[in-house]
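# Reading the structure
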Amino acid sequence: MVDLQKLNKERIFLGNLTAKDDGKKVVVAGWLYDSRDLGKIRFALLRDISGEIQVTATKGEVKEDIFKAMTSVSRESVVVISGIVKKSDKAPLGREIFPEGFEILAKAEQPLPIDVSDFSKTELPKRLDYRFLDLHRRRAQAIFKIQSTMMQAYREYMVKNSGIEANFPSIISSSSEGGTELYQLKYFEKNAFLSQSCQLYKQMLACSVEKVFAVFTVWRAEKHNTVRHLNESRQFDYEQAFADEFVVMDVLGKVVQYIISEVLRINKSELTILGLKLRIPTVKYLTFMEANALAKKHKIKIDESDLSGEVEKKLGELYPDTILFVHDWPLKGKPFYIMPKGDGLSCGFDALYNGMEITSGGQRVHLPDLLIERLKAKGLNPKNFESYINSFRFGSPPHSGWGMGVERLTMQVLGLNNIREAVLFPRDRDRLTP
Ligand code: ATP
Ligand code: MG
């Protein structure tokens, strides 16, 4: 049995091996794959979360049992290897290890149910059935390492910007927005729902603590099955008091730029694995009318109160690597809580990035009477929103905010063609496991 405490002290991560380790004896651990038997010499690749190394064993120079194990151990089995590291021009990764100790910690059963090579030939649904194994793939690991950087960068930026991180309830008594379908659940003697956004809570909070942010899970019981929607997703939420929509669009542009600059700084090797050349996006503002006029010029059918997927795509082609704010949105196309602007327009906006919506936001209605009027105009009953309306009766400043999908942003930054690639364990119309 391997002494795991000792291993933790001695082990060196493959990504940390440098020229100063050449000629030294090291202990490494990870998953073994790609064994090749060339008669007197055997190769395999060892992978850990940080990198890879070639393992080289020559008959006669290495213990016989290690020599045998090198090709007989099944692919993706877990091993601990001690041996001498050497720089090598021939090894695919520039360095190799000559094993002196070789211990198998866990054998992988064969055959593997999915193809775990970087460019897996297994279709996405099957890979998701075996997500735990799919995460042996460096491409899958790269996506989630980058997403981890994105989450960290979001928090960092917001905290530096005087934001207060908040947690909100996920069990709610009624719809916060009307419209979107909710999942119902039993709550003792009552019915309750899973939250589809933290809209109302973040507003209440901004009206006291001024700048508030959250990474919040939302559930939407939408029946459709698309490449851009999940039924459970995460949102980067932000809300700020004493702000109109342009103030919070500016914050959004800057936080997305910061997130991407951090990915560029921290995740160079992951970007290489994914074959991506990321650029820090620029920011561009268009009115809804201007955006639709552009689409019309390119003969794309337009909608009066929304941007269709086709329009979003065209705008992405016209403005690549750009956070595109589409503001002065028709009031008809925005929820009741968005502030009207006159002339049928609103203080609502969407942000698009590389051809898809990543964020919706706007200035909110903070005046109770106007809120009642807006609810009625949307065919909603103000009685059902009483506690929400009442929360603005005792000194609530004007405020604005937005919500940005974590998986949607990941998808657009990394150019993934299905949002399920950007979530570890997707929940969609057909999927509840793993
Ligand atoms: P879409 O038009 O793309 O369906 P939406 O306008 O319904 O999105 P919002 O309510 O504005 O979505 O939510 C804010 C953000 O949350 C979106 O801009 C998107 O990034 C993300 N988002 C919304 N719905 C989903 C979903 N079903 N799955 C994953 N992310 C979502
Ligand atoms: Mg939206």
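Note that the coordinates shown come from a computational prediction; the quantities given were computed from them, not determined experimentally.

The rules behind these values
Residues numbered from 1 in each chain as written. Chains lettered and ligands numbered in written order. Predicted model: local features only at pLDDT ≥ 70, side-chain atom pairs only at ≥ 80, totals over all residues. Heavy atoms only, no water. Helix = DSSP H or I, 4+ residues; strand = E, 2+ residues; numbered from the N terminus. Buried < 20%, exposed > 50% of the residue type's maximum accessible area, 1.4 Å probe, protein only. Contact = heavy atoms within 4.5 Å. Areas by Shrake-Rupley, 256 points an atom, 1.4 Å probe, with all protein chains shown as cover. Lys, Arg positive; Asp, Glu negative; His and termini not counted. Charge placed at Lys NZ, Arg CZ, Asp CG, Glu CD. Expected span 1.5 Å × (residues − 1). Domains from an automatic or database assignment. Buried area = accessible area lost by both parts, 1.4 Å probe. Phe/Tyr/Trp six-rings, centres within 6.5 Å; stacked < 30°, edge-to-face > 60°. Lys NZ or Arg CZ within 6 Å of the ring centre and 35° of its normal. Pairing = 2+ DSSP bridges. Core = buried A, V, L, I, M, F, W, Y, C linked by side-chain atoms within 4.5 Å. Near = heavy atom within 4 Å. Polar contact = N/O pair within 3.5 Å; in protein donor to acceptor, adjacent residues only side chain to side chain. Axes fitted to C-alpha atoms, helices over the stretch in contact; angles between N-to-C directions. Parallel < 35°, antiparallel > 145°, perpendicular 65-115°, else oblique. Left-handed = near helix turned anticlockwise from the far one by under 90°.

### Regarding the overall build of the protein chain
A count of helical and extended segments in the protein chain gives 13 helices and 18 strands. Expressed as a percentage of the 434 residues in the protein chain, the buried residues total 52%. By sequence separation, contacts in the protein chain at least 24 residues apart represent 64% of the contacts at least 6 residues apart. A total accessible area of about 21,200 Å² is found for the protein chain, and carbon and sulfur atoms account for 53% of it. Within the protein chain, the 56 negative side-chain charges are centred at a point lying 3 Å from the centre of the 63 positive side-chain charges.

### Points about helix α5 (residues 138–160)
The terminal C-alpha atoms of α5 lie 32 Å apart, and with 23 residues this matches the ideal 33 Å at 1.5 Å per residue to within 8%. A positive backbone phi angle near 70° is found at S162, which sits one or two residues after α5.

### Quick notes on the domain arrangement of the protein chain
Split into domains, the protein chain comes out as domain 1 (4–106) and domain 2 (133–422). When each unit is reduced to the centre of its C-alpha atoms, the spacing between domain 1 and domain 2 is 46 Å. Residue-level contacts link six residues of domain 1 with four residues of domain 2. In this assembly, domain 1 packs against domain 2 so that about 470 Å² is buried in total across both faces, 50% of it on carbon and sulfur atoms. The largest share of the area that domain 1 buries against domain 2 comes from R47, I49 and E52, three residues that together contribute 71% of it.

### Regarding the packing of aromatic side chains
For the structure shown, the criterion picks out 17 aromatic pairs. Taking the centre distance of 5.9 Å and the plane angle of 75° together, the rings of F325 and F349 count as edge-to-face. Note that F325 is positioned in strand β13 (residues 322–327) and F349 in strand β16 (residues 348–353), a separation of 24 residues in sequence. Accessibility expressed as a relative area gives 0% for F325, which makes it buried. For F349, a relative accessible area of 0% corresponds to the buried category. Members of the aromatic cluster, connected to one another through ring pairs, are Y154, F213, F236, Y238 and W402. Lying over the aromatic face of Y33, R47 brings its terminal NZ or CZ to 5.0 Å of the ring centre. Lying over the aromatic face of F98, K86 brings its terminal NZ or CZ to 4.9 Å of the ring centre.

### Digging into the side chain of R137
Structurally, the position occupied by R137 is in the loop between α4 (131–134) and α5. Setting aside residues up to four positions removed in sequence, R137 forms contacts with D115, V116, S117, D118, S120 and R127.

### Notes on the pairing of strand β10 (residues 211–219)
For a regular strand, side chains alternate in direction, first toward one face of the sheet and then toward the other. β10 sits mainly inside the fold: seven of its nine residues count as buried. Of the strand pairs in this sheet, strand β6 (residues 164–165) and β10 are connected by two bridges, and their pairing is parallel. Of the residues in β10, the one forming a bridge with I164 is V212. Pairing between β10 and strand β11 (residues 232–241): nine bridges, direction antiparallel. Residue pairing in the sheet places W219 in a bridge with E232 of β11.

### Description of the nonpolar core
Counting residues in hydrophobic clusters, the biggest one holds 46 residues, and the most contacted among them are Y154, L252, V255, W402 and L409. Counting residues per element, this core draws most heavily on helix α7 (residues 245–266), which supplies ten residues. The residues touching L409, leaving out its near neighbours within four places in the chain, are M150, F236, V256, I259, I358 and M404.

### Side note on the site of ligand 1
Surveying the vicinity of ligand 1 reveals 15 residues, the closest of which are R228, H229, L230, E357 and I358. Between ligand 1 and the protein, one listed contact pairs an oxygen atom with a side-chain N or O atom of H229 at 2.5 Å. Q235 has a polar side-chain atom sitting 2.8 Å from an oxygen atom of ligand 1. When isolated, ligand 1 has an accessible area of 590 Å², and the protein chains bury 82% of it. For the shell around ligand 1, the elements supplying multiple residues, two or more each, are β11, β17 (356–363) and β18 (399–405).

### Things to note about the packing of α5 against α7
Relative to each other, α5 and α7 sit at 135°, their axes nearing to 9 Å. Taken as axis vectors, α5 and α7 run oblique relative to one another. Crossing angle aside, the handedness with which α5 passes α7 is right-handed. On α7, the residues touching I146, T149, M150, A153, Y154, E156, Y157, M158 and K160 of α5 are V251, K254, V255, Y258, I259, E262, V263 and I266.

### Quick notes on the sheet that holds strand β5 (residues 95–106)
Across a sheet, paired strands are connected by hydrogen bonds in the backbone, their directions being either parallel or antiparallel. Reading around the barrel, the five strands line up as β1-β2-β3-β5-β4 and close back on themselves, with mixed pairing between neighbours. Mean inter-strand twist for the sheet, computed between neighbouring axes without regard to direction, equals 50°. Its contacts with the sheet put helix α2 (residues 64–72) on β1 (25–37), β2 (41–48), β3 (51–58) and β5, and the angle it makes with β2 is roughly 65°.

### Considering the sheet that holds β13
Reading across from one edge, β6-β10-β11-β18-β17-β16-β13-β12 is the order of the eight strands in this open sheet, with mixed pairing throughout. Two strands bound the open sheet, and with one partner strand each, they are β6 and β12 (282–287). The sheet strands contacting helix α6 (residues 199–209) are β6, β10, β11 and β18, and the helix crosses β11 at an angle near 30°.

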